[in-house]
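A closer look at the structure
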Amino acid sequence: MRMAALTVLLCLCGVSQAAQMPVAALPGGMLVYKHVQSIRERKFSDIVEQKTDFSCGAAALATVLRQAYWLDVDEDHIIKGMLVNADQNLVRTQGFSMLDMKHYVESIGMRARGYKIPPEKLGSVSIPVVVLMDIRGYKHFVVLQRADKDWVYIGDPVLGHKRYAHDDFVKGWNGIVFAIVGPGYDKANVLLDPPAPLTAKNKLDEFSPVRDAELMDFGFIQSDFF
């Protein structure tokens, strides 16, 4: 019995990507197959992973456009789009800016809004937004998925899904949220309901789709919902 349990454990430890795992089912020892997701896949579920040193802004923007608007874009596509109007020498040394992202969003017929908000209002942000963090002196764009009085849930293009204590997030955040606005927004998009941390004992509170009136606070107009 111990040897069988050890064998199963070793198999699970070796899984590096999603797979069908055979599991013995009683009675009779019949095998059934259960879908298994690796820890890495779970961390990056629904998040576009950053591939270059300067592309965190492109990956964060791609995450929002793919998941909240169902647009078929990826990091490379957005990099090329932003380079059309960006200072390429500046991008190579400092990466893309929010202005570069704004120009790209407007070039595809959508709108971009930047809002300066106090830390105590983070919980009122009802759509996924891009934010800039200073992590040990490194400027890094991530997706703010949702926040409450205790925690801020982040989609990080390098680290995947992260959860910061509210005060810790505020220490590294520049106070601005960058909202992408336009038609086709999915009010029940998956970014608003990030996965619970692997060590969490309790599930996240249920997150309900926001009302149109709340979305208008972020620059949406009535015609965006038709």
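All values reported here derive from a predicted model rather than from experimental measurement.

1. Some thoughts on unusual backbone geometry
Of note in this structure, Asp46 is not a glycine but carries a positive phi near 70 degrees. The partly exposed category is assigned to Asp46, whose relative accessible area is 31%. Not every positive phi belongs to a glycine, and Arg136 is a case in point at roughly 55 degrees. Positionally, Arg136 belongs in the loop between strand E4 (129-135) and strand E5 (138-147).

2. Observations regarding the pattern of salt bridges
Scanning all chains against the criterion turns up nine salt bridges. Linking Arg66 and Asp72 is a salt bridge whose minimum nitrogen-to-oxygen distance equals 3.9 Å. The exposure class assigned to Arg66 is partly exposed, which follows from its relative accessible area of 32%. Given a relative accessible area of 74%, Asp72 falls into the exposed group. A salt bridge links Asp168 to Lys171; the shortest N-O distance between them is 3.9 Å.

3. A word on the sheet that holds E4
Pairing in this open sheet of six strands is antiparallel, and the strands run E3-E8-E4-E5-E6-E7 from one edge to the other. In this open sheet, the two strands that pair with only one neighbour each are strand E3 (111-116) and strand E7 (160-165). With direction set aside, neighbouring strand axes in the sheet form an average angle of 35 degrees. In this structure, E5 lies alongside strand E6 (residues 151-156), joined through four bridges in antiparallel fashion. The residue of E6 that forms the bridge with Val143 is Gly155. Against the sheet, helix H3 (residues 56-69) touches E4, E5 and strand E8 (173-181), its axis set at about 20 degrees to E5. Sitting on the sheet, helix H6 (residues 98-107) touches E3, E4, E5 and E8, and the angle it makes with E8 is about 5 degrees.

About the cut-offs
- Residues numbered from 1 in each chain as written.
- Predicted model: local features only at pLDDT ≥ 70, side-chain atom pairs only at ≥ 80, totals over all residues.
- Heavy atoms only, no water.
- Buried < 20%, exposed > 50% of the residue type's maximum accessible area, 1.4 Å probe, protein only.
- Helix = DSSP H or I, 4+ residues; strand = E, 2+ residues; numbered from the N terminus.
- Salt bridge = Lys/Arg side-chain N within 4 Å of Asp/Glu carboxyl O.
- Pairing = 2+ DSSP bridges.
- Axes fitted to C-alpha atoms, helices over the stretch in contact; angles between N-to-C directions.
- Contact = heavy atoms within 4.5 Å.

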